[in-house]
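What follows is the residue order along each chain.
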Amino acid sequence: MKSLWRRLQWLLHRDRFEREMDEEIHHHLGLLADDRKEADVLRQFGNITLIKEDSRRIWIGTFCEQLAQDVRYALRTMASSKLFTAMAILSLALGIGANTAIYSFMDAIMLRAMPVGHPAQLAILKWRIKGDATVIHGRTGSAYREPGGGITCPNFPYQGYETLRDNNHVFSTLFAYAGGGRMNLVADGQAELGFGEYVSGNYFGGLELSPAAGRLIGPEDDKSGASPVAVISYGYWQRRFAAQAAAVGKRILVNGYPLTIIGVAPPEFFGVRPDTVAQIFIPVRQFGSLDVNQRGVSTWHTDPHNYWVEIMGRLRPGVTQAQAQAELVPLFHGWVLNSAENESERALLPTLWLQEGGSGVDSLRHQYSQPLYVLTAMVGLILLIACANIANLLLARAEARRREMAVRLSLGAGRIRVMRQLLTESILLSISAAALGTLLASFGIRALTWLLANGRENFTLHAQLDWRVLTFTLLVAVATGTLFGLAPAIQATKIDITPALKETRAGSSRARTRLPFSLSHILVVAQIAISLLLVAAAGLFVRTLGNLESVSLGFNRDNVLLFDLNPSHAGYKEPAIKSLYADLQRRFQLLPGVRGATMASVPLVANSTNTTGISMPGQPPAGRRAPSTAVMMVGPSFFDTMQIPILAGRPVGEQDIDGAPVTAVVNEVFARKYFPGQSPIGHHFFAFAYSGNRQGVDIEIVGLARTALYDSLRREVPPVTYISYLQSIKNWSITGMIFEVHTAGDPLALAGTVRRIVHDVSPQVPVAGITTQAGQIDGTIVQERTFAELCTCFGALALIMSCVGLYGTMAYAVSRRTSEIGIRMALGAERRRIIWMVLRQVLLLGAAGLAVGLAAVWETTQFLKSFLFGLQPNDPLTLSFAVAILAACAVLAGYAPAWRASHIDPMVALRHE
Amino acid sequence: MGTRTEIPPGTLYMLILKTLARIGPMHGYGIAQYIQQTSEEVLQVEEGSLYPALQRMLIKGWVDAEWRQSENNRRARFYKLTPEGRKQLNRELRDFERVMLAIGKVIEPA
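Residues numbered from 1 in each chain as written. Chains lettered and ligands numbered in written order. Predicted model: local features only at pLDDT ≥ 70, side-chain atom pairs only at ≥ 80, totals over all residues. Heavy atoms only, no water.

1. So, the overall build of chain A
Next, step 1: Looking only at helices and strands, chain A features 26 helices and 26 strands.
Next, step 2: Looking at chain A as a whole, 52% of its 913 residues are labelled buried.
Next, step 3: Contacts spanning at least 24 positions in sequence make up 81% of the contacts within chain A whose residues lie at least 6 apart.
Next, step 4: Summing over all exposed atoms, chain A offers an accessible surface of approximately 40,700 Å²; the carbon and sulfur share of this is 59%. (Helix = DSSP H or I, 4+ residues; strand = E, 2+ residues; numbered from the N terminus. Buried < 20%, exposed > 50% of the residue type's maximum accessible area, 1.4 Å probe, protein only. Contact = heavy atoms within 4.5 Å. Areas by Shrake-Rupley, 256 points an atom, 1.4 Å probe, with all protein chains shown as cover.)

Next comes the structure, spelled out in structure tokens:
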């Protein structure tokens, strides 16, 4: 050890040592010259450089030299068994690559903090509730179902926010924000759509951001009566204003409403939502002025029953999240209780809780975390298979090299030295695999981003190979190398030299096999078991996708062109909007190749809903659960165009206009739920509009439609009410609509024509979101599709790797028994019997693997339940299919060595050493 | 100068160690001179093996080196025996004597 330390010293002070060496030799020469009185001492002394070289080699000497030797030798061995090396490196590279890619996504989604000051101090406010809270009349935003039942939601009433902000002692800033959705931005005469975010005056201060230009929104901008201002994103500033300082002070039309740009957000900041890139930030006070939704927005800042702003806070120094929560919970509870107006509202109230906010709003994490956990588990298992494979291959090779090792040991090589050499080989393998794996990972990340984004224009999830990911890969590689290098290395050096030396290459009758199974058998069984798990999971996901795709829709999905129009963003008001829609619909219907054109306020199967509470005259409310219905405002000929059959009564259409009594078509679910056992036609019900209307609107049911899917392939169809958009209902104003054009041919071919017509009629109204109904539906199951595809890839990968492992083990076993098989054949064994002899072992290994695998599948697929649709985690069909595939592959992998064994020429085999 | 004989393999360390044990700290040239003179010019220490051997002994910790003024006021690297080096010397001497004894028995005319 000391000598190693001295060597290190030498390496560190190499220059000094060199100089000293020089001086020493010159000193020697000088003395020599004095003694001999000769000038020609140099010749006598000999080769100075050689002496220096020799001394130098002594220092770097053995260690580095041996390392170089080992590396050279390892490279030679690798080159001499190319198939082995390629297989080993490739399988490990695939394992490492898959792990790195998935880990990069984990990193991007789960771990990366927002680019704001001290992100760890941020906390997000949420509430949760079990059951329906009637105190909440309207809710805009996202909500998640919790595993234990109930929902959790980040949206609060504005007044509730003010109360929390002004009465807490735990947050230095408590700021609010609300998504503005896609906004029509017109600057310098150029229109574009961009996401907007309404933010409270202390938003930027609370996030500790400083402007890239101008100033950011402050509390003085967020007061009623303040002049309307906006902050734009750095990206928008660069794109639209070429990053000119003159952009500050310019006017920008947002949804037709003029705002003054006061500043630019810092370059890397896109808002607190990782799933959208906000282009413009507007004081939340302006929310009413911008008339985005036009549904009684004037009351949004004062209505205590309308939940819409999200809240984040910066904890005061020294205050923990738990302390903050302890103070805020009673504060919010008191406020909500005060806002409740009757007993039923007081019966169930939302409970506040805090969540870490350093990574921003958790929508992405929520969407992808579970799939990512599953994928991480899968790639982890694949890495395990790869490691087992390598271990098995190295084990087999170590066996084959027993004689070589014995020779080395008998010639005096130390055990440590031999183990070091074997370790060098395996670490070299894993480092090469890690390099290749990193390359594969970078492709994988690109492919995954592409798959997940699925053509979405502002996909914000930017996973990249950063140094942490690389460290992780390197650790995995070295750990793997040590792991699979050490076991065979120890085994290889433990051999008893004498018998090993006597052993011939074909010597099979070793007394060593005392156990009926060896380490390599256990590895093969484990591989098969893991593969079964992965193949079964892939099968479950593929069948889920199949089930989702074959769900009966109840409407026509083919040849329907969809696009959004929102004339209110271009300044249109109510009567003008409706006449514009009617005009456009007429024009579309007249186009050649168009079978029908209509519109609806909500696209079908696009995960968007619009729900309102209702009450039945003369019927007591059924329990705590207030009756409700989904509402769609539809254009005339909606039912014809979407091919939803009317079972009774009449569709709503042209005759249901302004001033006429409000009529509606309901679906079968509605009829069954609220009018069980009778025809709903002619009945009335009251629909509560959005906040502000207590009376409800009297609606007469005039038709019954066959059930058609509403918002999602997975969810049960809710009761749906279809109302003609031409009818005017107080507070239910018509804004944006989705047009649905049924064509004879390819619907997208019509997109250009549609754009031109809209432009002719109204140049200020942009056509957005052009897609087809089929594309729309597919878009909602992108995650399931990606998942099924990835899992199929992983399953296939696992299968191939296990087959390689099984094949390698069997091929090796056969090659060791060559002479035994030769003798058997010389004694008259039939080929059939030889094949059976080998296959029997394959089948035994396979059966053991499948048994272990099935037990594992039984235990683990329960965790996948939430991912599945239309089948159980232990779906017998999928499981038997997976077992059949694995058994077939195992037999196939085992048959090749068996066949080779049966074709051994006894003469060759017996002479063979 | 008499006939020069190469130092028997494996004994150079022992000779160096013994020299240092006898005359105390000395530089490379001095060590070579001492071996040469004491052996009455029979043993010739090659510079090409002396310096690498000294380096090796430094690594093994048998000798220490330090820079000092030599007798004629030149800076020179002096090598000094360490306790470990002394132990090694004893070991080598013991081994050497055993081998010499054994060789003697073999070549002794019977």
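Anyway, onward from the coordinates.
2. A closer look at the packing of helix α21 (residues 773–780) of chain A against helix α22 (residues 782–816) of chain A
Next, step 1: α22(A) packs onto α21(A) with a crossing angle of 65 degrees between their chain directions and a minimal axis gap of 4 Å. Residues A:Asp778, A:Gly779 and A:Thr780 of α21(A) touch α22(A), and the partners they reach there are A:Val782, A:Glu784 and A:Arg785. (Axes fitted to C-alpha atoms, helices over the stretch in contact; angles between N-to-C directions.)

3. Brief notes about the pairing of strand β17 (residues 594–600) of chain A
Residue and element names in this part refer to chain A.
Next, step 1: With 6 of 7 residues buried, β17 is to be regarded as a mostly interior element.
Next, step 2: Relative to strand β25 (residues 737–743), β17 runs antiparallel, the two sharing 6 bridges. Note that in β25 the partner of Val-594 across the bridge is Thr-743. (Pairing = 2+ DSSP bridges.)

4. Some words on the interface of chain A and chain B
Next, step 1: Listed per partner, the contact involves 20 residues of chain A and 23 residues of chain B.
Next, step 2: Regarding the contact of chain A and chain B, the summed buried area is about 2,200 Å², with carbon and sulfur atoms giving 57% of it.
Next, step 3: Taken together, the connections running from chain A to chain B amount to 3 salt bridges.
Next, step 4: For the pair chain A and chain B, the interface holds 6 residue pairs in polar contact (both at pLDDT 80 or more).
Next, step 5: Looking at the side of chain A that touches chain B, the elements that each hand over two or more residues are α1 (2–12), α2 (14–36) and α4 (48–80) of chain A.
Next, step 6: Among the elements that line the side of chain A that touches chain B, the one with the most residues is α2(A), at 11 residues.
Next, step 7: Residue composition of the side of chain A that touches chain B, grouped by class: 7 nonpolar, 5 polar and 8 charged. (Buried area = accessible area lost by both parts, 1.4 Å probe. Salt bridge = Lys/Arg side-chain N within 4 Å of Asp/Glu carboxyl O. Polar contact = N/O pair within 3.5 Å; in protein donor to acceptor, adjacent residues only side chain to side chain. Nonpolar A, V, L, I, M, F, W, Y, C, P; charged D, E, K, R; others polar.)

5. Description of the nonpolar core
Residue and element names in this part refer to chain A.
Next, step 1: In this structure, Phe-541, Phe-555, Met-632, Phe-638, Ile-644, Leu-713 and Tyr-722 are the most contacted members of the largest nonpolar core, which totals 90 residues.
Next, step 2: If we ignore the near neighbours within four places in the chain, the residues touching Ile-644 are Gly-554, Phe-555, Phe-638, Phe-639, Ala-705, Arg-706, Ala-708 and Tyr-722.
Next, step 3: Judged by nonpolar contacts, the second largest core, of 55 residues, contains Leu-185, Ile-252, Ile-311 and Val-336. (Core = buried A, V, L, I, M, F, W, Y, C linked by side-chain atoms within 4.5 Å.)

6. Remarks on the side chain of A:Gln527
Residue and element names in this part refer to chain A.
Next, step 1: Along the polypeptide, Gln-527 turns up in helix α16 (residues 519–549).
Next, step 2: Taking relative accessible area as the criterion, Gln-527 reaches 1% and is therefore assigned buried.
Next, step 3: Here Ile-385 takes part through its backbone oxygen, which lies 3.1 Å from a polar atom of the side chain of Gln-527.

7. Observations concerning the pattern of salt bridges
Next, step 1: Throughout the structure, instances matching the rule amount to 25 salt bridges over all chains.
Next, step 2: With its nearest N and O atoms 3.4 Å apart, the salt bridge here joins A:Glu343 to A:Arg346. Placement of the pair is A:Glu343 and A:Arg346 together in helix α10 (residues 343–347), with a separation of 3 residues, close to one helical turn.
Next, step 3: Residue class for A:Glu343 comes out exposed when judged on its relative accessible area of 57%.
Next, step 4: Here B:Arg98 ties to B:Asp95 by a salt bridge, and the two come within 3.9 Å at their closest N and O atoms. Here B:Arg98 pairs with B:Asp95, and both are found in helix α4 (residues 83–107), just 3 residues apart, close to one helical turn.
Next, step 5: The exposure class assigned to B:Arg98 is exposed, which follows from its relative accessible area of 60%.

8. Quick word on the confidence of the model for chain B
Next, step 1: Averaged over all residues, the pLDDT of chain B is 85; the fraction at 70 or higher stands at 95%.
Next, step 2: In the model output, the complex is listed with pTM 0.68 alongside ipTM 0.80. (pLDDT = per-residue confidence, 0-100.)

9. Notes on unusual backbone geometry
Residue and element names in this part refer to chain A.
Next, step 1: At Glu-208, a residue that is not glycine, the phi angle is positive and equals roughly 55 degrees.
Next, step 2: By the element assignment, Glu-208 lies in the loop between α7 (203–207) and β8 (213–214).
Next, step 3: Glu-208 gets classed as partly exposed once you look at its relative accessible area, which sits at 36%.

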